[in-house]
Amino acid sequence: MSTTLSVDVLIIGGGATGAGLVRDLARRGLRCLLVDKGDLGSGTSGRHHGLLHSGGRYVVKDALAARECIDENRILRRIAPASIEDTGGYFVATPDDPEEYVETFAAACLASGVPCEEVPVADLLRREPALHPSIRRAFRVPDGALEPWQLIQATVADARSRGAEIWPYQRAVAMELTAGQRIVSVDIADERSGSITRVAPRFVVSASGAWAGAVAGLARIKLSMAPGKGTMLIFNQRMTDAVINRCHRPADGDIMVPVHEVAILGTTEITVEDPDRYGIGREEVAQLMVEGRKLFPDLDRMRLLRAYAGVRPLYKDDQPAAKVEDGREISRAHLIIDHESRDGVGNFVSIVGGKITTHRLMAEQTADAVCAKLGVTQPCTTAEEVLPGQGDARSYWLGHRLAEHEEDGGGDADLICECEMLTRAGLDSFLDARWPCSLDDVRRGTRLGMGPCQGGFCTFRAAGVIAERSATGALPAAPTDLSPDAVDRMRLDFLAERFRGTRPIAWGRQLQELWIMSGLYTGVLGVESLDHGSPSPGPGSTPGSADRPAVAAERELTHAQR
Ligand SMILES: Cc1cc2nc3c(=O)[nH]c(=O)nc-3n(C[C@H](O)[C@H](O)[C@H](O)COP(=O)(O)OP(=O)(O)OC[C@H]3O[C@@H](n4cnc5c(N)ncnc54)[C@H](O)[C@@H]3O)c2cc1C
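Residues numbered from 1 in each chain as written. Predicted model: local features only at pLDDT ≥ 70, side-chain atom pairs only at ≥ 80, totals over all residues. Heavy atoms only, no water.

So, the side chain of Arg 57
For Arg 57, the position within the fold is in the loop between strand S3 (51–52) and helix H2 (63–79). A distance of 3.2 Å separates the side chain of Arg 57 from the side chain of Asp 254, its partner in a polar contact. (Helix = DSSP H or I, 4+ residues; strand = E, 2+ residues; numbered from the N terminus. Polar contact = N/O pair within 3.5 Å; in protein donor to acceptor, adjacent residues only side chain to side chain.)

Structure representation (structure tokens):
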């Protein structure tokens, strides 16, 4: 064990909420350490739908949530424009959507302060011709698309510039409490080397999302979560340039979000026992397709790239049992749990629930609670100060990377990933800043492999660049094994992860494509098997019992269809 590190506040969890919190507290002058058991944004914040909510989804049922969304929507557009595409959004009424809901929608928007304008359906259909011609009414709202990893990195960069320390791949594994019920130390295990650092914090915040129950358990506190799994489908084209929502009570498969060059349909809602153990069922995919066709009748002619899922950090302790049964009924509102008044542990709070759209507000309210306990009076400044790296302060647009590439001379010689326009220089600067890292970390940081080819070509190029730089000593020094086998393993992990998401959607033409792809990998490239399913402990890989049950479920599904 290394020596003890003293900090004012230890934040456990590096999703959007933890990132927002470390920024806020560091700006108020506190010495902070943020730890995450994986890469930043590798939990739910990297597995959501990508919607910057206008609040429209909540106006009828939860006016407070709607107001929080529109307020934070405006703030994020101002402080984090580089992470937002200003797509705009529409709530559309299909013949299946109840008239009473549609009738109340515009008035409910007005009451919650969500800008809403009814537009002629013919105009919308001219703008979005793939939409269903039977749509009856349409309302425009200021939805957008939100890029989580860039947002999180910019947020922690601001915290770092104020002296905060950010430690990815470091898991909180144990807490020591005094007899008077204060946390005196937290042991943090390095997921790569296994070494333990003991941290002595004045205060501890758990921003560990769906894992909040397990983290509270380290302080011998019982906190029950009801992780709500949501599945989403990625299509290989933007069949819409604006976010499209069904104008009805929130349900499955009723939102399509254009995200960079793909579009994402979601979501489902199924309560799971364990946020690390879930699969994606064939019926979920079928249900999403049924609902999706009501918005886009030609959905079956578009190519499905993959399915993925995330788990909502829903809290169930004070929810009636009936609500817990039906995950959609559990409140999405965020909640700050003071473990002093609830459990008698003096210097510990958990923040649960919420949305990525409202992460800054959640962080502000949590920081207020922490500061009150520590006697700090500095006010919150996160809503006013623009995050670092926001470029020309305009939101991004679909062609921005192409435009940047062309400004730099264009051509394809230097491209590592054609879908996402990632150049060799872009990859090199990521590796310089973030090494040691896995290809999956590269994906989050650069979007490598997230476009229509799903890593089919760029993975090999990126692995080649890493192997070449490793062989020539051109990577920053790191205590990491980089034998050719390790690079190969890293490439396999990445491909297996990309391939895994294709299993639940394997039918018809898509199944034929998968067979071709697996033939290419195994027959031509000599990849032993994409079924190995267990991310290796190679450079920066996430230790992953997490995905194995999903692999099993998906494997079963694929076999059933062969
Ligand atoms: C299917 C789905 C779709 C969604 N769509 C949207 C949307 O379109 N728009 C929107 O605004 N919101 C959306 N949300 C909600 C939003 O994604 C989440 O509320 C938000 O990302 C939660 O962020 P978080 O930081 O609280 O949790 P997380 O991002 O899960 O972060 C928690 C972190 O804690 C870490 N951790 C856990 N245990 C430990 C430990 N022992 N030690 C160290 N670290 C630990 C984890 O690795 C994880 O990174 C969606 C959610 C789901 C599930």
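Brief notes about the pairing of strand S5 (residues 89–93)
With 5 of 5 residues buried, S5 lies mostly within the body of the structure. Here S5 shows two buried faces, one formed by Gly 89, Phe 91 and Ala 93 and the other by Tyr 90 and Val 92. Two elements, S5 and strand S7 (residues 137–141), share 5 bridges in a ladder whose sense is antiparallel. By the bridge assignment for S7, Gly 89 is matched with Val 141. Here S5 runs beside strand S14 (residues 243–246); their pairing, made up of 4 bridges, is parallel. Following the sheet pairing, Tyr 90 is matched in S14 by Ile 244. (Buried < 20%, exposed > 50% of the residue type's maximum accessible area, 1.4 Å probe, protein only. Pairing = 2+ DSSP bridges.)

Comments concerning the site of the ligand
In the region of the ligand, 35 residues are neighbours, and Thr 17, Asp 36, Ser 45, Leu 51 and Thr 357 sit closest. The contact in question runs from a nitrogen atom of the ligand to an N or O atom on the backbone of His 49, over 3.2 Å. Summarising the interface, the protein chains cover 96% of the accessible area of the ligand, which totals 1,000 Å² for the free molecule. For the shell around the ligand, the secondary-structure elements that each account for two or more residues are helix H1 (16–27), strand S10 (170–177), strand S13 (228–235) and strand S18 (304–312). Here the shell around the ligand is composed, by residue class, of 12 nonpolar, 18 polar and 5 charged. (Near = heavy atom within 4 Å. Areas by Shrake-Rupley, 256 points an atom, 1.4 Å probe, with all protein chains shown as cover. Nonpolar A, V, L, I, M, F, W, Y, C, P; charged D, E, K, R; others polar.)

Considerations on the pairing of S14
Neither face of S14 is exposed, since Val 243 and Asn 245 on one face and Ile 244 and Arg 246 on the opposite face are all buried. Note: S14 against strand S15 (residues 255–259), 2 bridges, orientation antiparallel. Along S15, the bridge assignment pairs Asn 245 with Ile 255.

A short note on the sheet that holds strand S4 (residues 84–85)
Hydrogen bonds between backbone atoms are what pair the strands of a sheet, whose relative direction is either parallel or antiparallel. The strand order across the open sheet formed by 3 strands is S3-S8-S4, and the pairing between neighbours is antiparallel. A strand with exactly one partner marks an edge of an open sheet, and here the two such strands are S3 and S4. Direction of pairing for S4 relative to strand S8 (residues 144–146): antiparallel, over a ladder of 2 bridges. Along S8, the bridge assignment pairs Glu 85 with Ala 145.

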